[in-house]
Amino acid sequence: MYNFNYHRAGSVDEAVALMAKASDGRFLAGGHSLLPTMKQRLAQPTDLIDIGRIAALNGVKTESNAVVVGAATPHAEVNASAKAIPALMALAAKIGDPHVRHRGTIGGSIANSDPAADYPAALVGLGATVKTNKRTIAADDFFKGLFETALSDGEMVVSVSFPKPEAAAYMKFPQPASRFALVGVFVARTSGGVRVAVTGAGPSVFRVKAMEDALKAKFTPDAIKGITVPAKGLNSDIHGSAEYRAHLVNVMARRAVAAAA
Amino acid sequence: MVENGIGARVRRKEDFRFLTGQGTYTDDMNRPGQAHVFLLRSPHAHARLKKIDARQALAAPGVIAVITGADLEAAGVGPLPCGWQIFNKDGTPAHEPPHPVLAVGRVRHVGDPVAAVIAETRALARDGAEKLVVDYDPLPSVTATAQAAKAGAPAVHDGAPNNVCFDWHFGDAAAVDQAFAKAAHVTTIDLYNNRLVANAIEPRAAIGEYDPAADRHTLYTASQNPHVIRLLMGAYVLKLPEAKLRVVSPDVGGGFGSKIYHYAEEALVTWAAKKVGRPVKWTADRSESFISDAQGRDHVTHAELALDKSGKFLALRVQTTANLGGYLSTFSTAIPTYLYATLLAGLYTTPAIYCGVKAVFTNTVPVDAYRGAGRPEACFVVERLVEKAAQEMGLDKTEIRRKNFVPKSAMPYQTPVALQYDSGDFITHMEAALKLADHGGAEKRRADAKKRGKLLGVGLSTYIEACGIAPSNVAGALGARAGLYESAEVRFHPTGTVTLFTGSHSHGQSHETTFAQLIAEGLGVPIENVEVVHGDTDRIAFGMGTYGSRSLPVGGSAIVKAMDKIVAKGKKIAAHMLEAAEADIEFKNGTFRVAGTDKGLSIGQIAFSAYVPHNFPLETVEPGLDETAFYDPKNFTFPNGTHICEVEVDEDTGAVQLTRFVAVDDFGRIINPMVVEGQVHGGIVQGVGQALVEDCIYDPTSGQLVTGSYMDYCMPKADLVPSFQVATNEGAPCTHNPLGVKGCGEAGTIGAGAAVINAVVDALKGFGVTHMDMPATPEKIWRAMHGKAAKAAE
């Protein structure tokens, strides 16, 4: 790890101001993606702005129609407190290992936009809204690609608002070594329709429109039995070819529907 | 019956310090004035090393020195030695290219050390290393075992045509050919025994220190055998007299073989400490361990089993290509030869066996012994063939084994591949395992699983291994460049406590407990009065260290011999003090007694008398009670057993869940059943790991290690395995060592892999699957179920 300047921000405004002054700054929340990269000397930020102790960013609030999770809330807290959306609780319980779940945060996860992270599937699957220090962004517009989001320079995630679904479930086939999602599928049925969001399989989270339409007509696993996603463009590595990932999308989607129904 | 003696489930004496974080590992040690070294390692699999410009690095803050391979060569530092000489089929010796401490002229694998930067702190050393300007000229590389010897493959070493280190064979080719000619059935198999990374929890570390006043060097190192390191480094690399060199291996956090060898970093810090006049410390980080610790396995094998029409084995023919990596690690050449081909008889009466082994150099991390070392590879070949033969001939998996097992009545049994099994009762442990596994209920479980969308498979594997390589003269005749005995010193103190100095080294094997139990049993001393000392060449007479499940059969036997000397001397002292004839003195449960009387003295009283010799036979007996013994075994020991595994394969995804795992092992006599169970559990997990998840993968084009971190190298985790059911059979103890023990450290790893793969193949038999290479990943299984060709991910 190279030397860097450490700042602890007391508020969102202070954090954003510190970032504006840094020549190559990064927000630090749980640090579970950033610090390993720095330890390997693959990242060399000049400044770390620690937002982990900003009270306003911490905690899970249950509103009448939504669960709002502060950006610096660790996964274990979501697992314990997001009772209004059991599928979200269950997803948080399957992220990483206990260390990661007690340090890693939702804001850090989605801002990093790892293609195999679990949270993007929940955000897109539930049609969540991301609130930043500047604006609100629909989850569908937030994830732009491999490690790429709609966040502009110096923009910071403040919270994520998840609308309560009628029924939802997340099914994940873990990459055996890292336990990230080789393929994870989040299925949610809401008054407005059905959403099917896939993580791990592609460069970024994506929806499967054909499955959503079929499930809107009939919310059963069999309704999507014949619906596959093309392998072309999917991720391929030593843990799974694109062809296998495409197959798993269907299997995990059916299992998610079965669990949600 | 002695309390806490042989057979007792004594809690581990060492656990208190480990569980309270008070162990002392090499990296916990800091010597006064210590500097730190960072090793710059090759980013290329293969390149010409043209020039190293150290000027900027030397000017960097805190940098004390930069050392290159050229500096070491100029100082007369020798290459790292290979400890076992192998001869080719034609009688010529194997090609043993030099393995420099730091690369000279060429780098041969990613991670090959190129230069050492010594600085005030580890971070400054690393910063300094980034300022080194190294001029590489990248060369094409070869990493795959099957490609290395092909025409046109890049040459890893000049003077090793086709990258062949040796082309060796063993057994009677003509007898095998004759048997195949009259065989009713021949079963063939092609398999890959996947390469593994050892992944001890403690990364390697070393500190070199030089005392100019005494002109003595000290090396602290995370090693399994400090005396061997002292011998190899002192005699071959640094040319230091042993009396001037002390090697200490303090607490060591696991080795699994990877800490047996003499590594470059050990010689480097020892040499550099004198050069810079300060202690020099090196500690690997995990990424560095992946590219610098010797790796394991990596065999490509074609094997054929000839059977008569009843299913009786007639002959076995095996041809293996073994990948040795970029250089020869210390015992690399012995593993795919004498620890592999000699085990191909398995538990069976196969009368004729022939094995050819071509060992190849590649642009990969060197390969050496990894838990089991050659024997898991042999077991996998034999047990996959037996399973496949049974399937092809319509024989039950237990029946084909019963038909071919060496019967207990045939012991001692001479195999056609040199080994003579002294003991074993194979049918008994197989029957016990079948019962423990409720094998009779397997078909019902299979039907139940099918209803849940799961394919149940049952896998059986039987194994035999050879532990405690011996005797030294035979090993020497086969090419070993070291002896294979062990030493022990039992030192009574005046007030009756005992220090045991053992040449074995504990890095997780519980010697501090097991060996203390031997003392408690043999001398009647309370276990809390026994201190076990290991891992320091200044304190222990000599030692060959711990590997190959040798510590109890060899090291434990040395302890027994030393105790015998203590008792013999004690009898003389007791005879004097009790005014009786020496021949009338009996020793039992810690008391010397005149036979047939109630006159006796405790061993504590005898020890006191030995050190305060007021009433003592000084004319004929020396004072003191301190005895050393060296034990050179008459033969190997042969642990053996049966593993049964049940798996459920998810029909939709190909994922495998282990639902049952049974091991019934014959380790001879058991000293501490709890310790043995722990060794078996850990061994099984490593075997299951190889079978299902672990895989060391190099990119075929760039030669980069793809699985260079835990994000991609999958370690077996707790949820991979069920609760094990294990048992032992003590009915066939070793006949040639004083304890009747056989060793248990590697058995789990040897038997488990074949059991798991046999189970997976059994689960998939409905799809016409006859073999599955390790690791049996979900995608491989899914492809096999859907008739898709195995496909490497692009």
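Since the model is a prediction, treat every value here as computed from it, not as a measurement.

### Comments concerning the overall build of chain B
Part 1 of the argument: Along its length, chain B carries 20 helices and 28 strands.
Part 2 of the argument: A compact globule built from 794 residues would reach a C-alpha radius of gyration of about 28 Å, and chain B, at 27 Å, matches this within 12%.
Part 3 of the argument: Dimensions along the principal axes, computed over C-alpha positions, put chain B at roughly 85 × 70 × 50 Å.
Part 4 of the argument: By the burial criterion, 62% of the 794 residues in chain B qualify as buried.
Part 5 of the argument: When contacts within chain B are restricted to residue pairs at least 6 apart in sequence, those whose partners lie at least 24 apart make up 80%.
Part 6 of the argument: As displayed, chain B offers around 27,500 Å² of accessible surface, 54% of which is attributable to carbon and sulfur atoms.
Part 7 of the argument: Of the charged side chains in chain B, 76 are positive and 87 negative; the average position of the first set lies 2 Å away from that of the second.

### Regarding the overall build of chain A
Part 1 of the argument: Secondary structure assignment for chain A yields ten helices and 14 strands.
Part 2 of the argument: With respect to the principal axes defined by its C-alpha atoms, chain A has extents near 55 × 45 × 30 Å.
Part 3 of the argument: With 261 residues in all, chain A has 54% of them scored as buried.
Part 4 of the argument: At a minimum sequence separation of 6, the contacts of chain A that also span at least 24 residues come to 57%.
Part 5 of the argument: Accessible area of chain A: about 11,000 Å², with a carbon and sulfur share of 51%.

### Topic: unusual backbone geometry
Residue and element names in this part refer to chain B.
Part 1 of the argument: Between Ala-470 and Pro-471 the backbone carries a cis peptide bond, its omega angle lying at -15°.
Part 2 of the argument: Inspection of the secondary structure assignment puts Pro-471 in the loop between strand E18 (454-464) and helix H14 (472-477).
Part 3 of the argument: For the bond from Met-774 to Pro-775, the omega torsion is -10°, close enough to zero to count as cis.
Part 4 of the argument: For Pro-775, the location among the structural elements is in the loop between helix H19 (747-763) and helix H20 (778-785).
Part 5 of the argument: In the Ramachandran plot, Ala-418 falls in the positive-phi region, its phi being about 80° despite a non-glycine side chain.
Part 6 of the argument: Relative to the helices and strands, Ala-418 resides in the loop between strand E16 (413-414) and strand E17 (420-421).

### Let's talk about the domain arrangement of chain A
All names here are of chain A.
Part 1 of the argument: Split into domains, chain A comes out as domain 1 (5-50), domain 2 (57-163) and domain 3 (167-260).
Part 2 of the argument: Placing a centre on the C-alpha atoms of domain 2 and another on those of domain 3 gives a separation of 19 Å.
Part 3 of the argument: In this complex, domain 2 contributes 21 residues to the contact, which on the side of domain 3 involves 18 residues.
Part 4 of the argument: Here domain 2 packs against domain 3, burying approximately 1,700 Å² in sum over the two surfaces, 61% of which is carbon and sulfur.
Part 5 of the argument: At the junction of domain 2 with domain 3, the criterion picks out three salt bridges.
Part 6 of the argument: The partner of Arg-195 in a salt bridge is Asp-140, and the shortest N-O contact between them spans 2.7 Å.
Part 7 of the argument: Taken together, the links from domain 2 to domain 3 amount to ten residue pairs in polar contact (both at pLDDT 80 or more).

### Considering the sheet that holds strand E4 (residues 60-62) of chain A
Residue and element names in this part refer to chain A.
Part 1 of the argument: Taken together, the five strands give an open sheet; going across it, the order is E4-E5-E10-E6-E7, and neighbouring strands pair in antiparallel fashion. In this open sheet, the two edge strands, each paired with only one partner strand, are E4 and strand E7 (136-138). Going across the sheet, the axis of each strand differs from the next one's by a mean of 20°, ignoring polarity.
Part 2 of the argument: As paired elements, E4 and strand E5 (residues 66-70) share three bridges and run antiparallel to each other.

### Considering the domain arrangement of chain B
Residues and elements named next belong to chain B.
Part 1 of the argument: For chain B, the assigned domains read domain 1 (15-20 + 485-631), domain 2 (31-139 + 198-292), domain 3 (142-196 + 295-406) and domain 4 (420-462 + 638-794).
Part 2 of the argument: On a C-alpha basis, the centres of domain 1 and domain 2 stand 39 Å from each other.
Part 3 of the argument: Taken together, the contact pairs 18 residues of domain 1 with 20 residues of domain 2.
Part 4 of the argument: Run the count over domain 1 and domain 2 and you get four salt bridges.
Part 5 of the argument: A salt bridge links Asp-538 to Arg-216; the nearest nitrogen and oxygen atoms lie 2.9 Å apart.
Part 6 of the argument: Seen at the junction of domain 1 and domain 2, the total is eleven residue pairs in polar contact (both at pLDDT 80 or more).

### Observations regarding the sheet that holds strand E2 (residues 25-28) of chain A
All names here are of chain A.
Part 1 of the argument: If you trace the three strands from one edge of the open sheet to the other, you get E1-E3-E2, paired in parallel fashion. Each edge of the sheet is formed by a strand with only one pairing partner; in this case those strands are strand E1 (5-8) and E2. Neighbouring strand axes in the sheet, compared pairwise and without regard to direction, differ in orientation by 25° on average.
Part 2 of the argument: Each of E1, E2 and strand E3 (47-50) touches helix H1 (residues 12-21); the most contacted strand, E2, lies at about 155° to it.

### Brief notes about the packing of helix H16 (residues 551-578) of chain B against helix H17 (residues 603-611) of chain B
Residue and element names in this part refer to chain B.
Part 1 of the argument: Relative orientation of the contacting elements H16 and H17 amounts to 80°, with a least axis distance of 10 Å. Looking at the two axes, H16 sits roughly perpendicular to H17. Here Ile-566, Gly-570, Ile-573, Ala-574 and Met-577 of H16 lie close against H17, whose contacting residues are Ile-603, Ile-606, Ser-609 and Ala-610.

### Some details on the interface of chain A and chain B
Part 1 of the argument: Every contact between the two is made by 25 residues of chain A and, on the other side, 27 residues of chain B.
Part 2 of the argument: The interface formed by chain A and chain B holds six salt bridges in total.
Part 3 of the argument: Where chain A meets chain B, there are 16 residue pairs in polar contact (both at pLDDT 80 or more).
Part 4 of the argument: Looking at the side of chain A that touches chain B, the element that brings in the most residues is helix H10 (residues 242-260) of chain A, giving eight residues.
Part 5 of the argument: Looking at side-chain class alone, the side of chain A that touches chain B contains ten nonpolar, eight polar and seven charged residues.

### What to know about the pattern of salt bridges
Part 1 of the argument: Inspection of every chain in the model, using the stated rule, returns 62 salt bridges over all chains.
Part 2 of the argument: Salt-bridge contacts for Glu-243 of chain A lead to Arg-783 of chain B; the nearest nitrogen and oxygen are separated by 2.8 Å. Of this pair, Glu-243 of chain A sits in helix H10 while Arg-783 of chain B sits in helix H20, each in a different chain.
Part 3 of the argument: Each of Arg-41, Arg-204, Glu-265, Glu-288 and Asp-293 of chain B takes part in a single network of salt bridges with overlapping partners.

### Details of the nonpolar core
In summary, soluble globular proteins display a tendency toward joint burial of nonpolar side chains.
Part 1 of the argument: Of all hydrophobic cores here, the largest spans 132 residues; its most connected members are Leu-344, Phe-661, Val-688, Leu-692 and Val-760 of chain B.
Part 2 of the argument: For this core, the element with the highest residue contribution is H19 of chain B, accounting for eleven residues.
Part 3 of the argument: Counting 52 residues, the second-largest nonpolar core is a separate cluster that includes Ala-87, Ile-106, Ala-121 and Met-156 of chain A.

### A short note on helix H12 (residues 426-436) of chain B
All names here are of chain B.
Part 1 of the argument: All buried positions along H12 are accounted for by Phe-426, His-429, Met-430, Ala-433 and Leu-434. All buried residues of H12 project into a common sector of 135° when viewed along the axis, lining one side.
Part 2 of the argument: Its buried side turned inward, H12 meets helix H11 (397-404), E18, strand E26 (640-650) and strand E27 (656-666).
Part 3 of the argument: Following H12 by one or two positions, Asp-438 has its phi on the positive side, about 45°.

### Quick look at helix H18 (residues 673-692) of chain B
Residues and elements named next belong to chain B.
Part 1 of the argument: Spanning 20 residues, H18 covers 28 Å between terminal C-alpha atoms, matching the ideal 28 Å at 1.5 Å per step.
Part 2 of the argument: Buried residues dominate H18, accounting for 14 of its 20 residues.
Part 3 of the argument: Two or three places before Met-674, at the opening of H18, Asn-672 has a side-chain oxygen 3.0 Å from that residue's backbone nitrogen.

### Focus on the state of the cysteines
Disulfides are covalent bonds that link the sulfur atoms of two cysteine residues.
Part 1 of the argument: Under the defined criterion, the tally for this structure stands at zero disulfides over all chains.
Part 2 of the argument: Unpaired in terms of disulfides, Cys-734 of chain B finds its nearest cysteine sulfur in Cys-467 of chain B, a separation of 10 Å.

### What about the packing of helix H10 (residues 375-393) of chain B against H11 of chain B?
All names here are of chain B.
Part 1 of the argument: Interaxial distance between H10 and H11 falls to 9 Å at its minimum, and their mutual angle equals 115°. In this structure, the crossing between H10 and H11 has a hand that is right-handed. Across the interface between the two elements, Glu-383, Val-386, Glu-387, Ala-389 and Ala-390 of H10 pack against Lys-397, Ile-400 and Arg-401 of H11.
Part 2 of the argument: Partitioned by chemical class, the residues of the contact of H10 with H11 number four nonpolar, no polar and four charged.

### Some words on the pairing of strand E20 (residues 498-502) of chain B
Residue and element names in this part refer to chain B.
Part 1 of the argument: Across the five residues that make up E20, a large majority, five, are buried.
Part 2 of the argument: Residues Val-498, Leu-500 and Thr-502 line one face of E20 and the alternating positions Thr-499 and Phe-501 line the opposite face, and both faces are buried.
Part 3 of the argument: If you look at the hairpin formed by strand E19 (residues 486-492) and E20, you'll find five residues sitting between the two strands, and Gly-496 has a positive phi there, around 100°.
Part 4 of the argument: Following the backbone out of E20, through helix H15 (residues 511-523) and into the adjacent parallel strand E21 (residues 530-533), one traces a crossover that is right-handed.

Parameters and conventions
Residues numbered from 1 in each chain as written. Chains lettered and ligands numbered in written order. Predicted model: local features only at pLDDT ≥ 70, side-chain atom pairs only at ≥ 80, totals over all residues. Heavy atoms only, no water. Helix = DSSP H or I, 4+ residues; strand = E, 2+ residues; numbered from the N terminus. Rg over C-alpha atoms; globule rule 2.2 N^0.38 Å. Buried < 20%, exposed > 50% of the residue type's maximum accessible area, 1.4 Å probe, protein only. Contact = heavy atoms within 4.5 Å. Areas by Shrake-Rupley, 256 points an atom, 1.4 Å probe, with all protein chains shown as cover. Lys, Arg positive; Asp, Glu negative; His and termini not counted. Charge placed at Lys NZ, Arg CZ, Asp CG, Glu CD. Domains from an automatic or database assignment. Buried area = accessible area lost by both parts, 1.4 Å probe. Salt bridge = Lys/Arg side-chain N within 4 Å of Asp/Glu carboxyl O. Polar contact = N/O pair within 3.5 Å; in protein donor to acceptor, adjacent residues only side chain to side chain. Pairing = 2+ DSSP bridges. Axes fitted to C-alpha atoms, helices over the stretch in contact; angles between N-to-C directions. Parallel < 35°, antiparallel > 145°, perpendicular 65-115°, else oblique. Nonpolar A, V, L, I, M, F, W, Y, C, P; charged D, E, K, R; others polar. Core = buried A, V, L, I, M, F, W, Y, C linked by side-chain atoms within 4.5 Å. Arc of directions from axis to C-beta. Expected span 1.5 Å × (residues − 1). Disulfide = S-S within 2.5 Å. Left-handed = near helix turned anticlockwise from the far one by under 90°. Right-handed = clockwise from strand over helix to strand, strands pointing away.

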